[in-house]
Amino acid sequence: KKLNLNEKYFSPEDYFLYRSKIKSSWHINKKEILLLKKYHKIHNFYIASNFSLKAFAILRRYKIDKYFKKIYISSQIKFEKPNLNFYKFIIKDSKINPKNSFFVGDNYNLDYKVPKSLGFKSILINQLYLKNKKINSFKNLKNFFDHLNKNVYH
């Protein structure tokens, strides 16, 4: 229903079967890599993901794993987003203060709603939410860093 699919022709079961058969992948463009390279010197970046250990291979392939202070994968910490214990584990382990930290992601329920309830400054990099003034959303990572530089450092 969220995708506005006509159920006469394409049922939720059909969509599930389709998604389960396609190979999904991450793509990180060169501009985003340059942003990580530039800003990791002044920010501590972490990854918090429900993604499998394949994430490490992807990060190494793009040669960006060195830009992250620590990577938290749900299968390793035994909790999965949106379980509150997932976020609490990361807060405790990293010794970060959510009130001084941004939680950036692309999923409202996993990366915005729950982290915000724990005090994080939640941010979505997701074009679907750009017009919703109640949600801090940006078109891409560059727009977020531009906003951060404009509003935090000046």
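Calculation notes
- Numbers given for residues are sequential positions, taken from 1 along each chain in its written order.
- With the structure being a predicted model, the display of local features is reserved for residues of pLDDT at least 70 and the display and counting of side-chain atom pairs for 80 or more, all residues being used for whole-chain, interface and lining totals.
- Side-chain figures throughout are based on the complete set of non-hydrogen atoms in the structure, without hydrogens or water.
- Think of it in three bands: with a 1.4 Å probe and only protein chains considered, a residue is buried below 20% of the maximum accessible area for its type, exposed above 50%, and partly exposed in between.
- Runs of H or I in DSSP of at least four residues are treated as helices and runs of E of at least two as strands, each being numbered from the N terminus.
- By definition in these notes, contact holds between two residues if any of their heavy atoms fall within 4.5 Å.
- Think of a polar contact as two N or O atoms within 3.5 Å of one another; within protein, one of them needs to be a possible hydrogen donor and the other a possible acceptor, and neighboring residues in sequence only count if both atoms come from side chains.
- In summary, the pairing rule links any two rings of Phe, Tyr or Trp, Trp by its six-membered ring, whose centres are within 6.5 Å, and it sorts them by plane angle into stacked for under 30 degrees, edge-to-face for over 60 and tilted for everything else.
- Note on geometry: a ring has a charge over it if NZ (lysine) or CZ (arginine) is within 6 Å of the ring centre and within 35 degrees of the ring normal.
- Each pair of strands is called paired provided DSSP finds at least two bridges between the two strands.
- A fitted line through C-alpha atoms serves as each axis, taken over the contacting stretch for helices, and the angle formed by two N-to-C directions is quoted from 0 to 180°.

## A closer look at helix 6 (residues 108–117)
Okay, so step 1: Of all the residues in helix 6, the buried ones are D111, Y112, V114 and P115.
Okay, so step 2: Buried residues belonging to helix 6 abut helix 5 (84–94), strand 3 (102–105) and strand 4 (121–125).
Okay, so step 3: With a side-chain oxygen positioned 3.0 Å from the backbone nitrogen of N109, the residue opening helix 6 is N107.
Okay, so step 4: Once helix 6 ends, the next one or two residues include G119, with phi positive near 105°.

## Brief notes about the packing of aromatic side chains
Okay, so step 1: What the rule picks out here adds up to 13 aromatic pairs.
Okay, so step 2: Both rings, one in F138 and one in F144, keep their centres 5.6 Å apart while their planes meet at 65°; by these two values the pair is edge-to-face.
Okay, so step 3: Taken together, Y39, F45, F68, F102, F138, F144 and F145 form an aromatic cluster joined through their ring pairs.
Okay, so step 4: Of note, K121 hangs over the ring of F102, and the distance from its end group to the ring centre comes to 5.2 Å.

## What about the environment of I77?
Okay, so step 1: Positionally, I77 belongs in helix 4 (residues 74–77).
Okay, so step 2: Once the C-alpha coordinates of I77 and F89 are considered, the two residues, 12 residues apart in sequence, prove to be 7.8 Å apart.

## Examining the sheet that holds strand 5 (residues 137–138)
Okay, so step 1: Sheet architecture is open: 3 strands sit in the order 3-4-5, paired in parallel fashion. The open sheet has two free edges, formed respectively by strand 3 and strand 5, since each of these has just one partner strand.
Okay, so step 2: Pairing of strand 3 with strand 4, which is carried by 4 bridges, proceeds in the parallel orientation. Bridging across to strand 4, G105 finds its partner in L124.
Okay, so step 3: Of the strands in this sheet, strand 3 and strand 4 touch helix 6, which is tilted by about 165° from strand 4.

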